[in-house]
Amino acid sequence: MENNIKLNLEYSGISNHEIMTYSQTVKKVHKELNDSTEDKKNFTGWVNWPQTYDKKEYEKIKKIANKIKGDSNILIVIGIGGSYLGARAAIESLKYNKEKQSNVEILYVGNNLSANYINEIIDYVSDKEISINVISKSGKTTEPAIAFRIFRNLMENKYGIDGARKRIFVTTTKRKGALYKIAMQEKYAKLSIPENIGGRYSVLTAVGLLPMAVAGINIDKIMEGAKFAQEKYSDDNLKYNDCYKYAVARNILYEKNKNIEIMGTYEPNLFYFIEWWKQLYGESEGKNYSGIFPSGAIYTTDLHSLGQYVQEGRRNLFETILNVKNTDSDIIINYDEENLDELNYIAGKPISYVNQKAMLGTIQAHVDGDVPNIIIDIDRLDETTIGHLLYFFEKSCAMSGNLSGINPFDQPGVEKYKENMFNLLGKYK
């Protein structure tokens, strides 16, 4: 398979010598990651997943997806955080893909507690054929649990109890948890979340693959891209591993007091990919009162809101730019006789050309303003590229967290707000 993703550190201000000083540490972490994949307590099952995934369950995913595509206009994905962001990242990134073979619209609930939002979804789907995919390891996370209770009731009122059972699909852990018990009791079709894969690393399991398949994405190509990335980034030699170089570059910049990373792109359909990336890195690295704060921007749009701050605000920023070099479609800027808008100097040029020049000009300006830029060049956006990128960032996140001395696979701080919320709601009275 052709490699269409390349790391470019030209604008990072980091020398190759600086990168290579991490060589031995990277080798050590690489070995530890690979040695830990068989231990379920380490949540590193994703490392070899593109090769070792459950083939029987994979076929079940395709079968369920075809069933949903055959009888539904809408799939409602109920989940929060890693239970929905990965699928949404892929679906939104490829929404202009001409090969999509699905008329099913994907909607997302259980990711907030807004009654207005939930009621809008209820009203919108009232006259449509619906299926539900509820995704949760425990089944007790507040937002998706409330949404499932509401939409399960809606489905039973709409289709009857037996009819609803044929349209509700549960993705959860095997043999334990509240959602597993509900699925067994109600005889819902089940898909599994591997116990040794944490939520934010689960996009290449049934968690992400079922919604992707229903949306018309070729999940064979997603997994093909991920498998290619797994093999490509299995080299412990830092000199040849762009995935590890990205992790090292981030840590070098952090040591230089660059503690906010803006993931930017000039392609708006990558918005939810950045949202997925923010959760992956934020939950993995934000511990012990340290870590790089992950932020996102869609350029050129956000140049007119955040651009001033990036250029002249506090100098604790760096940017990582996802540069999609080739687009599926383009528009040629027309010539205008009057030229009142003074744009004839670019008449005859495609918009993609202007977008690329805007990107290069911005990178140069930001670098001149002491905002280092890491560029990830992407030849084109397709399923194999998305599978590759998903694995690239998972592997680099694991390396980056370990390099900074934290465990990138737990999230102890998340439990604090839940505890306070439950106390305020009177759960323990």
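As the structure is a computational prediction, the values presented were derived from the model and not from experiment.

## Comments concerning the sheet that holds strand β8 (residues 293-298)
Part 1: Ordered by their spatial adjacency, five strands build an open sheet running β1-β10-β9-β7-β8, and the pairing between neighbours is mixed. The outermost strands of the open sheet, each flanked by one partner alone, are β1 (5-8) and β8. Neighbour-to-neighbour, the strand axes of this sheet turn through a mean angle of 20 degrees, independent of strand direction.
Part 2: Helix α11 (residues 242-255) contacts β1, β7 (260-265), β9 (317-324) and β10 (373-378) of the sheet and is inclined by roughly 30 degrees relative to β1.
Part 3: Sheet strands touched by helix α15 (residues 383-403): β1, β7, β9 and β10. Its angle to β10, the strand with the most contacts, is close to 150 degrees.

## Overview of the sheet that holds strand β5 (residues 168-172)
Part 1: Taken in spatial order, the five strands line up as β3-β2-β4-β5-β6 in an open sheet, and their pairing is parallel. Among the strands making up the open sheet, the edge pair consists of β3 (105-109) and β6 (189-192). Each neighbouring strand pair of the sheet contributes to a mean axis angle of 20 degrees, computed without reference to strand direction.
Part 2: Pairing analysis gives five bridges linking strand β2 (residues 74-78) to β3, with the strands arranged parallel. Its bridge partner lying in β3, I78 is registered against V109.
Part 3: Together, β4 (130-135), β5 and β6 form the strand contacts of helix α8 (residues 178-186), whose direction differs from that of β5 by roughly 145 degrees.

## Regarding the packing of α11 against α15
Part 1: Following both chains from N to C, one finds α11 and α15 inclined at 40 degrees, their axes separated by 8 Å at the closest point. Accordingly, the angle class assigned to the pair α11 and α15 is oblique. Crossing handedness for the pair α11 and α15: right-handed. Residues D242, C243, Y244, Y246, A247, V248, R250 and N251 of α11 form the contact with α15, whose participating residues are F392, F393, K395, S396, M399, S400 and L403.
Part 2: Each residue belonging to the contact of α11 with α15 can be placed in one class, and the counts come to nine nonpolar, three polar and three charged.

## Thoughts on helix α10 (residues 219-232)
Part 1: In this model, α10 (14 residues) spans 20 Å end to end at C-alpha, consistent with the 20 Å of a helix rising 1.5 Å per residue.
Part 2: When we look at burial in α10, the residues that qualify are I219, I222, M223, G225, A226, F228, A229 and Q230.
Part 3: Close packing links the buried residues of α10 with α3 (49-52), α4 (55-71), α9 (206-214) and α15.
Part 4: Two or three places before D220, at the start of α10, stands the capping residue N218, its side-chain oxygen 3.0 Å from that residue's backbone nitrogen.

## Digging into the pairing of β8
Part 1: Of the strand pairs in this sheet, β7 and β8 are connected by six bridges, and their pairing is parallel. Each bridged residue has a counterpart across the sheet, and for I260 the counterpart in β8 is F293.
Part 2: Crossover connection from β7 via helix α12 (residues 271-285) to parallel β8: handedness right-handed.

## Points about a nonpolar patch on the surface
Part 1: On the surface, L113, I146 and I150 cluster together to form a nonpolar patch covering roughly 240 Å² of accessible area.
Part 2: Counting through the fold element by element, L113 comes out in the loop between β3 and α6 (115-125).

## So, a negative patch on the surface
Part 1: Where like charges cluster on the molecular surface, the negative patch consists of D336, E337, E338, D341 and E342.
Part 2: Residue placement: E338 occurs in the loop between β9 and α14 (351-368).
Part 3: Overall, the relative accessible area of 62% leaves E338 in the exposed class.

Reading the values: rules and limits
- Residues numbered from 1 in each chain as written.
- Predicted model: local features only at pLDDT ≥ 70, side-chain atom pairs only at ≥ 80, totals over all residues.
- Heavy atoms only, no water.
- Pairing = 2+ DSSP bridges.
- Helix = DSSP H or I, 4+ residues; strand = E, 2+ residues; numbered from the N terminus.
- Axes fitted to C-alpha atoms, helices over the stretch in contact; angles between N-to-C directions.
- Contact = heavy atoms within 4.5 Å.
- Parallel < 35°, antiparallel > 145°, perpendicular 65-115°, else oblique.
- Left-handed = near helix turned anticlockwise from the far one by under 90°.
- Nonpolar A, V, L, I, M, F, W, Y, C, P; charged D, E, K, R; others polar.
- Expected span 1.5 Å × (residues − 1).
- Buried < 20%, exposed > 50% of the residue type's maximum accessible area, 1.4 Å probe, protein only.
- Polar contact = N/O pair within 3.5 Å; in protein donor to acceptor, adjacent residues only side chain to side chain.
- Right-handed = clockwise from strand over helix to strand, strands pointing away.
- Patch = residues over 30% accessible without salt bridge, like charges linked within 9 Å, V, L, I, M, F, W, Y side chains within 5 Å.
- Areas by Shrake-Rupley, 256 points an atom, 1.4 Å probe, with all protein chains shown as cover.
- Salt bridge = Lys/Arg side-chain N within 4 Å of Asp/Glu carboxyl O.
- Lys, Arg positive; Asp, Glu negative; His and termini not counted.
- Charge placed at Lys NZ, Arg CZ, Asp CG, Glu CD.

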